Amino acid sequence: MEIIPAASAMNWSIELERGLRSKKPGQSVEAILQIGPRLEQLSREPEPTMAVCNMFGLVPGEDRLFANTILLRLAEAFRSGDKHMKVSVLKVFLSRRKMKFRGKSKPRVVANQVELLRKVKMAFNTEDVESRALALYLLGCWADFAKDSAEIRHMVLSTLSSCHILEVKASLFAAGCFSELSDDFANVLLQRLLNLLTSDKTHSAVILAGIRAFAKLGPTPLSANRAYKRGLKLVEQYSDENCLIPLLISLSQLSSKSTLLISQQVELLLSFLTGKATSLMQATVLKCLQFILAGGVCRIPISANLLKRLVIMIDEPKISSPVQCRALRILHKILLYGLPNLSGMDMLEFGKLLTVIETATQSPITSKRILAVQILVDLSGKVNEVSEFSGLPQRVSSTIIDLFTMLLQPLPDSGRLESEVKEEGQHLLKILLLMVEKHPNLTVWMLEKTFSSIEYLLNKQIVGFEGEEWFSSVTMKLLVFLHKFVRACIEKRNEAALSNQVKVLIEHIQESSFINYYTRTVYSLLLHSCFISCLSGNDDKDIPSRDKDVGKSFKKCLVDQEIIALELAKKMLEEKEYWFVWKAGKYAATCGSWFMAAFIFGEITNKFQSKVCSWWLKSLAEFAHSEWRLQLILLEKHGSGLTNLLKMKNITIPLRDDLGEISEEIASNFHSASYTEELVAAYSGIRSSGEKLAEILISNQDFFFQRWFLNLRSQVLETVVDLLRILNSDSAMYFLTKRSFQLKRLAQEYDLLATSFIDMDYKSSRTVTFLAISCSLLAFSTGFPLLINGSQVCSNSMLIQPLLRQLWNIDHETCSDLMLLLGLSEPESCFHLQSRNQTFEAREIIKVCSYAVKRYVGLKKKSEGENKKNLGQLTNESLQLIFDILKRWLSIPSRVPNYFFYPRHCVGSELFAFNNDTRKPDATMMVLPGCQLSLSLCLQMKNIPSELPVKITKLYCILHSSTSFDMSKLNGESKEKSQSQLRFQDWTIDEMVDLNEKLHHYVSETAENTKHRRKRDDDNNGLSINSFVCFELNERRQGFSTCLLDVSAFPMGCYRIKWHSCCIDNHGSYWSLLPLNSGPVFTIHKCIGK
């Protein structure tokens, strides 16, 4: 458990005192600078509650006492120290002032205000000008309490008349700080400032400081309006840019405090954007406009004059590129959020605006090009419905593709760095993917244009070219980026014609001499998902003969691409390009190309000296070979002849001999025992691969995701094998119920897996979601006979509801059928809190889901009109339907999430519990019989990556205990093991799933209304209790709370509290947190303390 700042305040105070007393040169300054961040930590933390104080052994108010002691020591150091110490103290409080200004620090009441001010006044009452100036600066930092002292206010104002420029500037700073908090002081300072700024005797440095202080004269809209009007008169007085520029900035800051002043300030700023304006003035005006826009576009009047000025600046070649880029950013924000209805606009003027922006996309300046493209992309979505601009999306897409193609042109004299070209290429392709999302009807056209550009480039002769090496390196990286775009397009529009176009492009890439093996491999695997999708999710008897011919063509293409990829992998291995080989293996596994993955992982297993790496690769090789068998069944069923081709090409898959051969006869006979044995061999291999990982564990968290994923995959296949055996037996109905609930449980576990790794990338979470949907589909399908016969063991909602929840926002037609089966017209309230991974369109599984639901609806209608005598026939039909669905399900290739290949410590949480009798988190808590257990809780998140894309807002936790958890009945060895931190294989995943389901329901339904809730019920093993707790998160991702655990009905004994936690991010998404320590233990005993 991490120590909170309040618990460290005493040590920090002591360390500061030691540093200040040290005679070592520079030690005192170092101690002062070190205390600054610590004071900021104290100011950001809420005051510790009594429960938190008990956890850390604090006296209430102790942190405030030592914080004030630190302030007094700093004030004394400022009074008695030399110049360096004074400057160091001032730096500490200037930093705290900035934190307050940014809203990152909460102001606390200072207890010793009079003493602090007295010490600073003593420093001020010297003859040293620098000490007096530093004292004034420090008073400005303490403005929140210094402004209330009449003596200090007088001292600040009187110093404005000093003959020393340094003192006057410091006084202006302090006076400005006071004015931000006091309207009366701001009015007094306004008059003094006007006298200073209009006097001929005032030094230029003082004038600039006074102008900067002018921006602080608006604590209220009324005072801001008064100061702004006086400031406008100063604008007429000054002609020097050195004064005008800071004055415009100050007036812009004043105007932002009153909406009535904004339009006037915008017009004032535009008046300086004339042809005579210098580059510095133009940049300042645009900076002021950006500052005003930061408060919201609705605050700024969007006039024709404003747009005209911005367009002129963008189109003027004499204006510097940084200024033009700033103008583009302002125009982008205005057009994006403030564009009025186009029907009421002058289309001619808007057309001119588009022309200027399109011209900017051809600028030699990269930042200007990218900004212009972004504006056009956003505008294309807004004006697409207007007939005059209906062709804009296609024009924008063409511009992006042309810009990307230009990056692939050999231009050795461009002087651009490789990293710059790579970054621009990535950015352009991201924008192009956004266009695909917004305008899916242009997908095919975009690919055609992209392919024609790439083919033109590949046909050019560049051998012997001066910049050949640089050009080749850049091209390789850009082509790898491009393949991701092509893959996304194929997933969106999976059409045969599109696949043929991609095939032609790949053939050109394979023939190109300057493209490396890895890039060729990536493109050879590109069509794998497309071809395998055409073969999966269907049954042969449902495919028309003409479609079967197309299917054979796809099988041939798929096998051809596999052979090409394997040959390329062999060449990379021969050249010892192991890093590229490893990347190709990862990509093959994520695409479901298990032939390629099995070959690569088997070949590089012994290429690394590290034992951990070697065992990791052995595990991957065995996993890939097991999945390879399942995919080989699909291809051999269609007579692909892949096995013979591998022999002809002399390509040997490692471990191939251990797994034997799969004949076409075995692959085609779904009901045979040999087919089942192949599935058994597959899931046994996957389970063995997970066991290999368990043998190399250094800590419990090593390869956690990987072991969990492999364990789930093997369980699903094992359950499918059991289903096949049950369906081939005479007592199918008896065992189907258990298998249906088992699959439902596995779907819940996949859901838990998807939400338990908050650092998982989006594509990986989509893959896990696909696996959860497939388990829900099997659970739903296995329950067909039970649902048709009206079994009381399971209801419609138990099997249909999970599938409906997972398909929501994915397949509306299937969801409508499921809702009709449930008798619902609207989704139930449990859908409103979903994790981020609910939008993946998995074609293969959606196809099978649609087939299953439609067939079940048909059977359900038949059962409603049939008598009991004919229910037996319908039951047989439902059993045959399960066979059909299983065949379709097995034809879908398994894919591994990319996250699988990045072993890391899993994100989770640790729970620390205390009661009044314990101060150590690992101590056993005592409670009297018939009493409730009062707990003080600390929930600490662990292993949070620094680049986490979301912000955690709240933590929740469920505490669960039962009389069946009585540890006093365990023997010594079992008790010691139970009290230690649990290992992966010791975790009861079922309990974790149950607790997560309860916690998800609580967060969804009642978290907004109650802080914690207790519930007592009876389970199969005795009395059990649940308590739900909400935690507010601090900056260390740590939360504190209290709760009462109602164990009054528990008999005497020693019990463990099991727990599970979750967090909610700033998007409202639910994330489960894995428990990284065991639950607390409490003892119910009559004699506490003996």
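Residues numbered from 1 in each chain as written. Predicted model: local features only at pLDDT ≥ 70, side-chain atom pairs only at ≥ 80, totals over all residues. Heavy atoms only, no water.

Student: I would appreciate a short explanation of the overall build of the protein in the present structure.
Tutor: Summing up its helical and strand segments, the protein has 45 helices and 11 strands in all. Buried residues in the protein amount to 55% of all 1090 residues. Surface exposure of the protein reaches about 48100 Å², of which carbon and sulfur atoms provide 51%. (Helix = DSSP H or I, 4+ residues; strand = E, 2+ residues; numbered from the N terminus. Buried < 20%, exposed > 50% of the residue type's maximum accessible area, 1.4 Å probe, protein only. Areas by Shrake-Rupley, 256 points an atom, 1.4 Å probe, with all protein chains shown as cover.)

Student: What is the right way to read the environment of Phe404 from this model?
Tutor: Take Phe404: it is sitting in helix α21 (residues 392–407). Separated by 28 residues in sequence, Phe404 and Leu432 place their C-alpha atoms 9.9 Å apart. Once you skip the residues sitting within four places of it in the chain, Phe404 turns out to touch Gly425, Leu428, Leu429, Leu478 and Leu482. (Contact = heavy atoms within 4.5 Å.)

Student: Is there a simple way to think about the nonpolar core in this case?
Tutor: Taken as a class, soluble globular proteins show a tendency for nonpolar side chains to be buried jointly. Formed by 290 residues in total, the largest nonpolar core has its most connected members in Leu74, Trp142, Phe214, Phe485, Phe601, Phe757 and Phe900. When residues in this core are grouped by element, the largest group, 14 residues, is from helix α36 (residues 704–727). Grouped together as the second largest cluster of nonpolar side chains are 34 residues, Val907, Val927, Leu959 and Val1029 included. (Core = buried A, V, L, I, M, F, W, Y, C linked by side-chain atoms within 4.5 Å.)

Student: It is not clear to me how the sheet that holds strand β8 (residues 1053–1056) should be interpreted in this structure. Could you clarify?
Tutor: Sheet strands pair by backbone hydrogen bonding; their relative direction is either parallel or antiparallel. Pairing within the open sheet is mixed, and its three strands lie in the order β2-β11-β8. Each of the sheet's edge strands pairs with one partner strand only, and the pair in question is β2 (925–927) and β8. Averaged over all pairs of adjacent strands, the angle between their axes in this sheet comes to 25 degrees, without regard to strand direction. Pairing analysis gives three bridges linking β2 to strand β11 (residues 1081–1084), with the strands arranged parallel. Counterpart to Met926 in the pairing with β11 is Thr1083. (Pairing = 2+ DSSP bridges. Axes fitted to C-alpha atoms, helices over the stretch in contact; angles between N-to-C directions.)

Student: Which parts of the structure should I look at to understand the pairing of strand β10 (residues 1070–1075)?
Tutor: Moving residue by residue along a regular strand, the side chains alternate between the two faces of the sheet. With respect to burial, β10 is a largely interior element, six of its six residues being buried. Examined bridge by bridge, strand β1 (residues 908–914) and β10 share two bridges and lie parallel to one another. Residue pairing for β10: Ser909 is matched across the bridge by Pro1075. Strand direction decides the pairing type here: strand β9 (residues 1058–1065) and β10, joined by four bridges, are antiparallel. Counted as the bridge partner of Ser1061 is Leu1073 from β10.

Student: Can you help me understand helix α20 (residues 366–382) in this one?
Tutor: Residues that lie three or four places apart on an α-helix share one face, since the helix turns once every 3.6 residues. Here α20 spans 25 Å end to end across 17 residues, near enough to the 24 Å set by a 1.5 Å rise per residue. By the criterion of burial, α20 is predominantly enclosed, with 12 of the 17 residues buried. All of the buried residues along α20 are Lys368, Arg369, Ile370, Leu371, Ala372, Val373, Ile375, Leu376, Val377, Asp378, Leu379 and Ser380. (Expected span 1.5 Å × (residues − 1).)

Student: How do you make sense of unusual backbone geometry when you look at a structure like this?
Tutor: With glycine set apart, most residues show a phi of negative sign, and most peptide bonds adopt trans. Despite not being glycine, Lys576 shows a phi value in the positive range, around 60 degrees. Here Lys576 shows up in the loop between α28 (545–574) and α29 (578–591). In this structure Lys576 comes out as exposed when scored by relative accessible area, which is 60%. Phi at Arg1037 is positive, roughly 55 degrees, even though this residue is not glycine.

Student: I would appreciate a short explanation of the side chain of Thr719 in the present structure.
Tutor: Looking at where Thr719 falls in the secondary structure, it is placed in helix α36. When its relative accessible area of 0% is taken as the criterion, Thr719 is described as buried. Polar contacts involving the side chain of Thr719 include one to the side chain of Gln742, which spans 3.3 Å. The residues touching Thr719, leaving out its near neighbours within four places in the chain, are Arg739, Gln742, Leu743 and Leu746. (Polar contact = N/O pair within 3.5 Å; in protein donor to acceptor, adjacent residues only side chain to side chain.)

Student: It is not clear to me how the packing of aromatic side chains should be interpreted in this structure. Could you clarify?
Tutor: Both the distance between ring centres and the angle between the ring planes are used here to describe each pair of aromatic rings. With the rule as written, the count across this model stands at 31 aromatic pairs. Relative to Phe1040, the ring of Phe56 lies with its centre 6.0 Å away and its plane at 70 degrees, an arrangement referred to as edge-to-face. Residue Phe56 is located in helix α3 (residues 50–56), and its partner Phe1040 is located in strand β7 (residues 1038–1045); the two are separated by 984 residues in the primary sequence. Overall, the relative accessible area of 16% leaves Phe56 in the buried class. Ring geometry for Phe704 and Phe757: centres 6.5 Å apart, planes at 45 degrees, overall tilted. Taken together, the residues Phe704 in helix α36 and Phe757 in the loop between α37 (732–755) and α38 (762–782) connect sequence positions 53 residues apart. The exposure class of Phe704 is buried, given its relative accessible area of 2%. Geometry around Phe78 places Lys86 over its ring, the cationic atom sitting 5.8 Å from the centre. (Phe/Tyr/Trp six-rings, centres within 6.5 Å; stacked < 30°, edge-to-face > 60°. Lys NZ or Arg CZ within 6 Å of the ring centre and 35° of its normal.)

Student: Would you take a moment to explain the packing of helix α11 (residues 183–198) against helix α12 (residues 204–214) for this structure?
Tutor: Between two packed helices, what matters for the description is the angle formed by their axes and the separation of those axes. Interhelical geometry of α11 versus α12 gives an angle of 150 degrees and a closest axis separation of 10 Å. Taken together, the axis directions place α11 and α12 in an arrangement best described as roughly antiparallel. Viewed along their axes, α11 and α12 form a crossing whose handedness is left-handed. Two secondary-structure elements touch here, α11 through Leu190, Leu193, Leu194, Leu196 and Leu197 and α12 through Val206, Ile207, Gly210, Ile211, Ala213 and Phe214. (Parallel < 35°, antiparallel > 145°, perpendicular 65-115°, else oblique. Left-handed = near helix turned anticlockwise from the far one by under 90°.)

Student: Explanation requested: the pattern of salt bridges in the structure shown.
Tutor: Opposite charge on two side chains permits them to pair, given that their charged atoms come into close proximity. By the definition in use, this model includes 32 salt bridges. For the salt bridge of Glu15 with Arg38, the shortest nitrogen-to-oxygen distance reads 2.7 Å. Of the two residues, Glu15 is situated in helix α1 (residues 5–21) and Arg38 in helix α2 (residues 27–44); the sequence distance between them amounts to 23 residues. With a relative accessible area of 17%, Arg38 lands in the buried category. (Salt bridge = Lys/Arg side-chain N within 4 Å of Asp/Glu carboxyl O.)

Student: How should the confidence of the model for the protein be read in this particular structure?
Tutor: When the pLDDT values of the protein are averaged, the result is 82; 81% of them are 70 or greater. Taking the mean pLDDT of every element in the protein, the minimum, 45, falls on helix α33 (residues 656–659) and the maximum, 95, on helix α10 (residues 165–179). Across residues 543–551, where pLDDT falls below 50, the model places five contacts with residues more than four positions away in sequence or in other chains. In this model residues 976–987 is a low-confidence stretch, pLDDT under 50, and it forms 26 contacts with partners more than four residues away in sequence or in other chains. (pLDDT = per-residue confidence, 0-100.)

Student: I keep staring at the side chain of Lys586 and nothing clicks. Help me out?
Tutor: Structurally, the position occupied by Lys586 is in helix α29. Setting aside its immediate chain neighbours within four residues, Lys586 contacts Phe601, Phe901 and Tyr902.

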